[in-house]
Amino acid sequence: MSQLNRSRFAALLLTLAFAATHPARLAAADDDRMAWFRHDKFGMFVHWGPYSLLAGEWQGNRIHPGDEAEWIMQRFNIPVADYREMAHGLNPVRFDATQFARLAKAAGMKYLVVTAKHHDGFAMYHSKVSRYNIVDWTPFKRDIVKELSEACRKEGIRFCVYYSHREDWEDPNGYGNHWDYDPAKKDFEKYLREKSMPQVRELLTEYGPLGLIWFDRGIDTTEQARRFIDLVHELQPQCLINGRVGNYGHELLGDYQDMNDNGMPTGGLDEYWETPQTLNGTWGYSKFDQEWKTPANVIQRLVEIVSKGGNYLLNIGPMADGTVPAPSVAVLEQVGAWMRRNGESIYGTSACPVGQFPWGRCTVKGERVYLHAFQRPAGGVLRVSGLRNEVKAAYLLQAPGRKLEVSQQNGVAVIGLPAQGWEEGSTVVVLEVAGKPEAEPVPLTQGSDSPFQLDSINCRTAGGALKRFNRDGKFHIGRWTKPEDQAAWDLLVSQPGRYRARIRYAARQEWAGRKYVVQVGDQLLEKTVEPTGDWYAYKSFDLGVVNLPRKGPLRVIIRPAQAAGQNLMYFESLSLEPETVAGRLGRVD
Ligand code: H79
């Protein structure tokens, strides 16, 4: 441990400028390309293919309710010859593309992503690259992707495609099918050259402008991922690319990150993100799964996602005849009814700077804060602590003429709620505030002698340090290269004493040896980054004992000690655990 100069530390504190979590910090140069994504928030995912015909059952074998029905070929190792034969039977005579586009619109969704090819290798469009497609392989003979692209354009829905670029259980050289093809004999480069890349080219040239292309399952090397990215940029520079284009274990690529399937971050990130979610427990249609989410649940998920700065990509799994299961239509229509009344509190909003409330969430836009009450709190008032701005007026979004009573004292705004006007899902209260909504940092508190857990989400980041998704469903701080790139936490100490500090991070061999500083109040620890193995191989390191000298506020900061061209580490957490001496809390010297 080396002690640094105290006055330097004081100066540093003064110059700190912590930005509120804002995705544009990562992609500032790309803000224009991302504008629609940032605004639209809510999209429709469509999982549809030959698996829809099996609907979860193959020769009497059934998938479990809640299992993914689009995986059935792999689940029962269906021989490719049998699956191919089965696929000849796909004939969605009741398909009406306009109905799909109108359903998305009625739900308040603004973009639609359809599976142009899922892992089973079957193209839902007229591909010239492989005859294994809806036009050449089935009696239906219509190009579903084409019809959907046209209907979406007419209805004002941004059209997008899903393409599984690595997995392919039909092609001898694609990934995943080990029951028909010997993995040792696969030539994956041939697959990329002869099927995957050419099909992506078709999708980018034959179906008009695409909002985004949704890759899945990652790919082996960053160089392979770059080929797909370059192809998209060459043919449609405006088309966004999701983060699953690249190797899941390397630095994440793409314009935005998808959470794990059905994933939800605990707080806001410093990058654009989306979460793909199912309406029941499966993506592809399963006749065994009737566990539909309620409209209220979907509305609350949407609000929660948007309150953390993300997008919600919600799935439907049409049946083989082309109809959308009636319960999913019913849920989406009710969500849409809520969106028609309350869409102002969703579209074009940003993450809530004030945090999460026991009664709900919030979003912000301009000089307005939208409080989303999921239930009516006992006492009939909403308490909002940490909002810096003066509240000029409060009213239900549904009844702007009827002002609600507001009092603001000691940093807490209290809004009196009317007895009437409650909505299933979320009731929106608008706060008109003076200036752009800003939050007072809320300190982390501790229960009696409990440790502090400082992580990559409950901090504030500054400079180039960014809160990012890591593909394992976890989060870390990355992209910090210089001392101004910092993570900070404000603690409220109730149990002064000696605490053991443990840091947890991942560092590649190339990052080893970099110095970093952990500032705990006025104590400075200077440490050296140790390699942990791989990109996402997080390990814990003991940093020794620090003093939390007195009750009250204390700031903790982590930052690189000097500037360097490369990332410092993937920081996951810093824990401060009370040191017990003979069974008691350690004394402060
Ligand atoms: O397209 C949907 C999924 O099919 C796809 N991503 C979403 C959008 C997906 N690809 N991989 N995964 C999801 C994760 C793989 C999970 C698995 Fe399994 C666990 C595959 C085998 C075991 C789930 C459970 C599928 C079969 C059993």
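Cut-offs used in this document
- All chains use their own residue numbering, which begins from 1 and follows the written sequence.
- Thresholds applied to this predicted model are a pLDDT of at least 70 for local features of residues and 80 or more for the giving and counting of side-chain atom pairs; totals over whole chains, interfaces and linings are not thresholded and use all residues.
- As a rule here, side-chain values cover all heavy atoms of the structure and leave hydrogens and water aside.
- Comment: elements are numbered from the N terminus, with helices defined as DSSP H or I runs of at least four residues and strands as E runs of at least two.
- Accessible area is worked out with a 1.4 Å probe on protein chains only. A residue is then buried under 20% of its type maximum, exposed over 50%, and partly exposed in between.
- In what follows, residue pairs with any heavy atoms lying within 4.5 Å of each other are defined as contacts.
- Regarding the arc, it is the one traced by the directions from the helix axis to the C-beta atoms.
- Here a polar contact is recorded for every N or O atom pair within 3.5 Å, except that within protein the pair must consist of a potential hydrogen donor and a potential acceptor, and residues adjacent in sequence are included only if both atoms are side-chain atoms.
- A pair of sulfur atoms, both from cysteines and within 2.5 Å, is called a disulfide here.
- Helix axes are fitted to C-alpha atoms over the stretch in contact, other axes to C-alpha atoms as well, and angles between N-to-C directions run from 0 to 180 degrees.
- Should an angle fall under 35 degrees it is taken as roughly parallel, and over 145 as roughly antiparallel, whereas 65 to 115 is taken as roughly perpendicular and any remaining angle as oblique.
- A crossing counts as left-handed when the near helix is turned anticlockwise from the far one by less than a right angle, and as right-handed when that turn is clockwise.
- Note on residue categories: nonpolar means Ala, Val, Leu, Ile, Met, Phe, Trp, Tyr, Cys or Pro, charged means Asp, Glu, Lys or Arg, and polar means any other residue, Gly included.
- An automatic or database domain assignment is the source of the domain bounds shown.
- Each of two parts loses accessible area, computed with a 1.4 Å probe, when they are put together; buried area is these two losses added.
- Each salt bridge in this description consists of a side-chain nitrogen of Lys or Arg and a carboxyl oxygen of Asp or Glu lying within 4 Å of one another.
- The pairing criterion is simple: DSSP has to find at least two bridges between the two strands.

Caption draft 1: Spatial organisation of the side chain of serine 307. Mapping serine 307 onto the fold places it in helix H11 (residues 295–307). Residue serine 307 is classed as buried on the basis of its relative accessible area of 8%. Each residue touching serine 307, except ones within four places of it in the same chain, is listed here: Ala351, Cys352, Arg361, Cys362 and Thr363.

Caption draft 2: Structural detail: helix H6 (residues 97–107). Restricting attention to buried positions, one finds in H6 the residues Ala97, Phe100, Ala101, Leu103, Ala104 and Ala107. Along the long axis of H6, the arc covered by the buried residues comes to 155°, so they all point the same way. Of the surrounding secondary structure, the elements contacted by the buried residues of H6 are strand E1 (42–46), helix H8 (144–155), strand E10 (310–316) and helix H12 (326–342). Between the side-chain oxygen at the start of H6 and the backbone nitrogen of threonine 98 there is a gap of 3.0 Å, and the oxygen is on aspartate 96. Where H6 terminates, the next one or two residues include glycine 108, which has phi positive at roughly 90°.

Caption draft 3: Geometry of the environment of phenylalanine 541. Topologically, phenylalanine 541 is positioned in strand E29 (residues 539–548). Through-space distance from the C-alpha of phenylalanine 541 to that of valine 529 is 9.7 Å; in sequence the pair is twelve residues apart. Ignoring sequence-local partners within four residues, the contact set of phenylalanine 541 consists of Ala501, Arg502, Ile503, Tyr505, Glu530 and Thr532.

Caption draft 4: Structural context of the state of the cysteines. Per the counting criterion, the structure on display carries one disulfide. Across the disulfide, cysteine 352 is cross-linked to cysteine 362 (sulfur-sulfur distance 1.9 Å). Torsion about the S-S bond of the cysteine 352 and cysteine 362 cystine: about 75°, corresponding to right-handed handedness. Of this pair, cysteine 352 sits in the loop between strand E11 (350–351) and strand E12 (360–365) while cysteine 362 sits in strand E12, placing them ten residues apart in sequence. In this model cysteine 160 remains outside any disulfide bridge; the closest cysteine sulfur is found in cysteine 239, 7.4 Å from its own. Take cysteine 459: it sits in no disulfide, and the sulfur closest to it among the cysteines is that of cysteine 352, at 17 Å.

Caption draft 5: Examining the packing of H11 against H12 more closely. With their axes 9 Å apart at the nearest point, H11 and H12 run at an angle of 55° to one another. One way to sum up the angle between H11 and H12 is to call them oblique. As H11 packs across H12, the resulting crossing turns out to be right-handed. Here Pro295, Val298, Ile299, Leu302 and Val303 of H11 come into contact with H12, specifically with Val331, Gln334, Val335, Trp338 and Met339. Of the residues assigned to the contact of H11 with H12, the class counts are nine nonpolar, one polar and no charged.

Caption draft 6: Geometry of the domain arrangement of the chain. Parsing the chain into structural domains produces domain 1 (3–23 + 441–581), domain 2 (34–345) and domain 3 (352–433). A C-alpha centroid distance of 37 Å is found between domain 2 and domain 3. Facing 15 residues of domain 2, the contacting portion of domain 3 comprises 17 residues. Between domain 2 and domain 3, roughly 1,400 Å² of surface is buried when both sides are summed, and carbon and sulfur atoms account for 50% of that area. Among the residues domain 2 hides against domain 3, the three largest losses belong to Ser307, Glu344 and Ser345. Together they make up 38% of the total. Salt-bridge contacts for glutamate 344 lead to arginine 368; the nearest nitrogen and oxygen are separated by 2.6 Å. Viewed at the interface, domain 3 and domain 2 are joined by 14 residue pairs in polar contact (both at pLDDT 80 or more). Of all the secondary-structure elements, those providing two or more residues to the side of domain 2 that touches domain 3 are H11 and H12. When residues in the side of domain 2 that touches domain 3 are grouped by element, the largest group, seven residues, is from H11. Broken down by class, the residue content of the side of domain 2 that touches domain 3 amounts to five nonpolar, six polar and four charged.

Caption draft 7: Region of interest: the pairing of strand E23 (residues 466–469). In E23, alternate side chains face the same way, and those of Leu466 and Arg468 on one face and Lys467 and Phe469 on the other are all buried. Where E23 and strand E24 (residues 475–478) come together, four bridges link them in antiparallel fashion. Bridge pairing in E24 links lysine 467 to isoleucine 477. In this antiparallel pair of consecutive strands, E23 and E24, the connection spans five residues, and arginine 471 shows a positive phi of 80°.

Caption draft 8: Quick peek at the sheet that holds E11. The strand order across the open sheet formed by six strands is E11-E12-E13-E19-E15-E16, and the pairing between neighbours is antiparallel. Single-partner strands in this sheet number two, and they are E11 and strand E16 (399–403). Two strands pair when backbone bridges link them, and strand E15 (residues 391–396) and strand E19 (residues 427–433) are joined in this way by five bridges, in the antiparallel orientation. Across the sheet, tyrosine 395 pairs through a bridge with valine 430, a residue of E19. Against the sheet, H11 engages E11, E12 and strand E13 (368–373), with an angle of about 55° to E12.

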